[in-house]
Amino acid sequence: MSLHPLLQRPSRAALFCLVIASLAEAREPSIKPPPAAVGPAASSKEHVGKVGANRYITPTNQVLTPAGIQVELPGIRPQAIALSPDEKLLVTAGKTNEIIVIDPKTGTVLQRVTFPGKTLPGDVVEDAAQAGGVGGVKTKSDSGAQLSFTGLVFSPDGTRIYVSNVVGDVKVFSVAQGKVSALQLIVLPEAKAPKRKAEIPAGLAVSQNGALLYVAMNLGNRLAEFDTKTGVMLRMWDTGVAPFDVVLADGKAYVSNWGGRRPGKGDLIGPAGRGTTVRVDPVRHIASEGSVTVINLAEGKVKAEIPVELKPGAMAASPDGRYVVVANSGSDTLSVIETKSDSVVEKIWARQPSDLFSATPNALAFDKSGKRLFVCNATQNAVGVILFDAADKESTLLGLIPVGWFPGAIVYDAGRGQVCVGNIKGIGSTKTLKTGEKPKYSSKDYFGTVSIVRVPDAKSLVSYTSAAFTNIRQDTLEAAKLPPRTGLAARPVPERAGEPSVFKHVIYVIKENRTYDQILGDMKQGNGDPSLCTFGEKYTPNQHKIAREFILLDNTYCSGIQSADGHQWTDSAITTDYVERQHAGWPRSYPNMKTDDAMDALAYSPAGFLWDNAIKHGTSIRNYGEACVSDCGWADKTRKGKPKWVEYYNDLMAKTSLTTIRCKPGIESLRPISNLSTVGWDLGVPDVVRAARFIEELHEFEKTDKFPALMIMLLPNDHTGGTSPGAPTPGSQVADNDLALGQIVEALSHSKFWTDTCLFAIEDDPQNGWDHVSGYRTTCYVVSPYTKRGVEIGTQYNQTSVVRTMELMLGLPPMNIMDATATPMSDCFTATVNLAPFTAVPNQVPLDEVNADPKKLKDPILKKDAAASARLKLNEPDRCPEDVLNRILWHAMKGTRAPYPVWAISKVDDDD
């Protein structure tokens, strides 16, 4: 595989013309499209969201200037797409219980068709076991159904559409005279996973005669063959771990396995969701291999399992059937399998090999000739155009076409010479506001898009590629590769990794689920909306004081929207296609880094975590609760039940040692660097207990002078647990979280390490709240002797900025494209040291105040909320529908007479 000079030296426009000769070799006519908008990189003061005509700023440092026609799909996360054989209908689906039918010529939405709820006729019975595992009847409406990870295909004659449904079946639609109708469904056999029965259908393929449907069964690690007329399962084969896609070529079925081979005796394993396991590497304990299972359909036998690279997902067969290409989203490569030998004959890079992990190729489509291959590079928000030449092993990545945010599905429309791309995140959390409507945003305002783009000629591809590189800040990525310079004076934030910093220690505090307006919206110094401030200064006096005495950051954002992706961003500065696709109901896991069930080695970035980066480069590190599972209880093991919040709090205050505080690492690599005498995610334990554990160890470090360079700390209680009877009130939990942060800053500022230590605190995500600027905007605090004092900073930052700044302070290189291109938080610091310490403000509301018994409440709304809270799993991460918890908190904090901001609630189902 060769890489075009266009991509080797993207800053040298003179080399772009070389692409013309390469494109000419394809010998297919191309249509000249209008060039994509080429704008500047994100301005340092711009807000996240739409900032101009066809120009959007993401909360991940990147700009979107999508080419072609943009089909806006509010409330949808399109992660599968299909084109009818006659090329008259384009269909997409994702995150809802419907398919969207689009005119591929104009981008007009023609239909929205709800999933069917009736089964196919035939030999299917109520008890699946009686049918030999064939399936079972399901006649109830599937109102909660939605697309799985992937899986959307037309029958070869165009009369049927098949869609994988996350709850264990395949939806079938009929197509007649250009109209799509819900028809029936095919129920799959149970997966029989330890912690889930319903199978997770993923990739689909239909035989050329339309008689057979092949389904990749992601949880049960199998491929199934069904009769399309009766819905009866005919055959089934074992595959590797977490099969994703299936294609048919040369009389065989090729199945990509996200997790590679099934673990065997003696293999090192990690969790892969729902009690399943996957092979992991011995250092970071991240999923460590991928594979493709080959099944000879005539013989009915598994022929081979071909090793490929990490996270093999989407596949495409060349039109002549000679090759099957698989996109390795965890390695930024494509593996080309020759179907004659069933061996990998070429590796194609989806990005420049010398770059950091940065492409996430996760969808593929060939053109009609088979000479051009299109790949969705999700992390680059672009489609790569590849001149395919596997015969000579000279496939060449020619350039990039900018599309929407996180493209994850693609088809080629030969008749119009265009590609149609499903952008899973589209334009992010961006409502369509009515004229004169007040801006109001929630992180759950999903807004996917479909980009319809004519295949560019050589000249237009140059323009497109230039735009794509500008949008992902390729120049910044190149700058991140530069070696450190010698002879420089120490500064707070060095320009290059390895250059000297005034800081020797960094403390990283990760909090939970708040927007800027919810906490600091009442501060006149910043860009806040007091009407959305539910936990103002009465409940958060320390955060207000920190913002006043140090800096107020009012243009800082979370990069994700909830704990499942939020903790990936805080800990890895990136998220994976596995996590982004799991938004469809979280069928395998909800990988929030907080509970045993939440740990999932398939979800983690192949580039590793921040602690992996520190360990690799010999940087001392100590972890306090992040990615750890609570194991707290009574000191007296014979005592029944679990201590309540008040009992933990009273035990801390009275120092009676009646309770024990401990945790266990959720990822094995954390064991040697974690304080296991503190607590991970557990809303039943006050944050002041976590602060006390850290402060105790801080004093020990003062004695030994062995203060770690990097400390990561979880303070989760600003999440709150609603108004469940006997649980702490929402105000108490937020006040507890606030006091804990204040106590940590106070102890640090009075310690011997204050001179050369910097503390950062940020939320993991901004859900369960609203903000008038962006659904991603959040609070962030930067505390050190070199932090500016008493000023507001409007520079645009996000979670990757925090990670990048800490890396530069500690001399660590970036892990991936996101932290490499992040804006360092240099504006927050001054060269003049100010050693004045911080004094914590006492809590203004009792920390041991608990919610009342619903029977004693007179207000009917509060009584209803208390009853609802008692039924909800509020001590489990994000198991409560957003609108329900938001209403409970609004009424508890604002009173039941305050108008609830219904405008801020997402219109889509919230299943996390």
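Notes on the structure in this doc start here. (Residues numbered from 1 in each chain as written. Predicted model: local features only at pLDDT ≥ 70, side-chain atom pairs only at ≥ 80, totals over all residues. Heavy atoms only, no water.)

### A few points about the overall build of the protein chain
Then step 1. Along its length, the protein chain carries 16 helices and 47 strands.
Then step 2. Within the protein chain, buried positions represent 65% of all 912 residues.
Then step 3. Residue pairs at least 24 apart in sequence account for 66% of intrachain contacts in the protein chain once pairs closer than 6 positions are excluded.
Then step 4. Roughly 30900 Å² of accessible area belongs to the protein chain as shown, and the carbon and sulfur atoms make up 52% of that amount. (Helix = DSSP H or I, 4+ residues; strand = E, 2+ residues; numbered from the N terminus. Buried < 20%, exposed > 50% of the residue type's maximum accessible area, 1.4 Å probe, protein only. Contact = heavy atoms within 4.5 Å. Areas by Shrake-Rupley, 256 points an atom, 1.4 Å probe, with all protein chains shown as cover.)

### A short note on the sheet that holds strand β44 (residues 757–763)
Then step 1. Ordered in space as β38-β43-β35-β44-β45, the 5 strands form an open sheet in which the pairing is mixed. Edge positions in the sheet fall to β38 (621–624) and β45 (780–783), since each has one partner strand and no second. Pairwise comparison of adjacent strand axes, ignoring direction, gives a mean angle of 10° for this sheet.
Then step 2. Each of β35 (505–511), β43 (710–714) and β44 is contacted by helix α7 (residues 563–572), which is oriented at about 175° to β35, the strand it contacts most. (Pairing = 2+ DSSP bridges. Axes fitted to C-alpha atoms, helices over the stretch in contact; angles between N-to-C directions.)

### A word on the packing of aromatic side chains
Then step 1. Counting across every chain of the model gives 18 aromatic pairs.
Then step 2. Both rings, one in W258 and one in Y578, keep their centres 5.0 Å apart while their planes meet at 70°; by these two values the pair is edge-to-face. One end of the pair, W258, is in the loop between β19 (252–257) and β20 (269–271); the other, Y578, is in helix α8 (residues 577–581), and 320 residues separate them in sequence.
Then step 3. On the basis of relative accessible area, Y578 is assigned to the buried category, the value being 0%.
Then step 4. In this structure an aromatic cluster arises from ring pairing among F149, F244, W258 and Y578.
Then step 5. Residue placement shows K545 over the ring face of F838; its charged tip is 4.9 Å from the ring centre.
Then step 6. The ring centre of W634 lies 3.5 Å from the NZ or CZ of R639, which sits over that ring. (Phe/Tyr/Trp six-rings, centres within 6.5 Å; stacked < 30°, edge-to-face > 60°. Lys NZ or Arg CZ within 6 Å of the ring centre and 35° of its normal.)

### Considering the pattern of salt bridges
Then step 1. One pass over the structure, following the stated rule, counts 41 salt bridges.
Then step 2. Here D631 makes a salt bridge to R662, at a shortest N to O gap of 3.2 Å. Here the residue D631 occupies a position in the loop between β39 (628–630) and β40 (633–634), and R662 occupies one in the loop between β41 (659–660) and β42 (663–665), the gap between them amounting to 31 residues.
Then step 3. Judged by its relative accessible area of 35%, D631 is partly exposed.
Then step 4. Residue D687 is joined to R690 by a salt bridge in which the shortest nitrogen-to-oxygen separation is 3.0 Å. Pair noted here: D687 and R690 are both in helix α11 (residues 687–704), with a separation of 3 residues, about one helical turn.
Then step 5. The buried category is assigned to D687, whose relative accessible area is 0%. (Salt bridge = Lys/Arg side-chain N within 4 Å of Asp/Glu carboxyl O.)

### Some thoughts on the side chain of T678
Then step 1. Following the sequence through the fold, T678 ends up in the loop between β42 and α11.
Then step 2. If near-sequence neighbours (up to four positions away) are discounted, T678 is found in contact with Y624, G625, I661, R662, C663, R690 and R693.

### Brief notes about the sheet that holds strand β7 (residues 90–93)
Then step 1. In spatial order, the strands read β6-β7-β8-β9; together these 4 strands make up an open sheet with antiparallel pairing. Of all the strands in the sheet, the pair left with one neighbour each is β6 (80–83) and β9 (109–114). Averaged over all pairs of adjacent strands, the angle between their axes in this sheet comes to 20°, without regard to strand direction.

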